[in-house]
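An overview of the molecular structure
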Amino acid sequence: MDFAPMGWAIGGAVGTAAGNRNVPVVCITGDGSLMMNGQEISVAVAEGLTVIFVILNDQALGMVKHGQRLAGAEQIAFQLPTTDFAAMARAMGADGYTIRSPEEMAELDIEAICRKKGPTLLDVYIDGEEVPPMNLRMQVLGTDI
């Protein structure tokens, strides 16, 4: 939750899975990260890597949005277009699921997903007003919250 996860989470998960094919790798990242680096899922497809991409979808660059609010800065350039990330994953050859409730998450066969040779993407809609734990980030940026 500090700096740079948007730039390396997806590629790092793919690399980790390539380095150890005996266990599933779980990548928890945001929709902004997927917009930036989502094409790397195609590598996991091509290599048959078991990576479970959990995309926290608030249709925004959440850390930017909340950071601007917490700092009392102008609210600009944080909104993302509505995107069907599960469909995007399926278009690349991965499995993709859209999750809009705890019940939908509970219905998934997680054991089967973990055994599957190849990636799975979970497009998990989250409350965009919930502030992530970003106190250290704000302190480093010189903003007291």
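That block above? That's the structure.
The following refers to the structure shown. (Residues numbered from 1 in each chain as written. Predicted model: local features only at pLDDT ≥ 70, side-chain atom pairs only at ≥ 80, totals over all residues. Heavy atoms only, no water.)

Quick look at the packing of aromatic side chains now. This structure, assessed with the given rule, holds 0 aromatic pairs. The cationic tip of Arg-100 hangs over the ring face of Tyr-125; the distance from NZ or CZ to the ring centre is 4.0 Å. (Phe/Tyr/Trp six-rings, centres within 6.5 Å; stacked < 30°, edge-to-face > 60°. Lys NZ or Arg CZ within 6 Å of the ring centre and 35° of its normal.)

Moving on: the sheet that holds strand β1 (residues 25-30). If you trace the 4 strands from one edge of the open sheet to the other, you get β1-β2-β4-β3, paired in parallel fashion. Because the sheet does not close on itself, it has two edges, and the strands there are β1 and β3 (95-99). The mean angle between the axes of side-by-side strands here comes to 15°, regardless of whether they run parallel or antiparallel. Bridge count for strand β2 (residues 51-57) against strand β4 (residues 120-125) is 6 bridges, and the pairing is parallel. Following the sheet pairing, Leu-56 is matched in β4 by Val-124. (Pairing = 2+ DSSP bridges. Helix = DSSP H or I, 4+ residues; strand = E, 2+ residues; numbered from the N terminus. Axes fitted to C-alpha atoms, helices over the stretch in contact; angles between N-to-C directions.)

Turning our attention to the pattern of salt bridges. Scanning the entire structure with this criterion turns up 2 salt bridges. For the salt bridge of Asp-95 with Lys-116, the shortest nitrogen-to-oxygen distance reads 3.9 Å. Residue Asp-95 is found in strand β3, and its partner Lys-116 is found in the loop between α7 (110-115) and β4; the two are separated by 21 residues along the sequence. (Salt bridge = Lys/Arg side-chain N within 4 Å of Asp/Glu carboxyl O.)

Bringing the environment of Phe-85 into the picture now. Within the fold, Phe-85 resides in helix α5 (residues 85-91). If sequence neighbours within four positions are ignored, Phe-85 has contacts with Asp-31, Leu-34, Met-35, Ile-55, Asn-57, Leu-121 and Asp-123. (Contact = heavy atoms within 4.5 Å.)

Tracing the backbone through its elements, the reader meets Ala-86 in helix α5. Judged by relative accessible area, Ala-86 falls into the buried class, the value being 0%. Sequence separation between Ala-86 and Ile-55 is 31 residues, and the spatial gap between their C-alpha atoms is 9.5 Å. (Buried < 20%, exposed > 50% of the residue type's maximum accessible area, 1.4 Å probe, protein only.)

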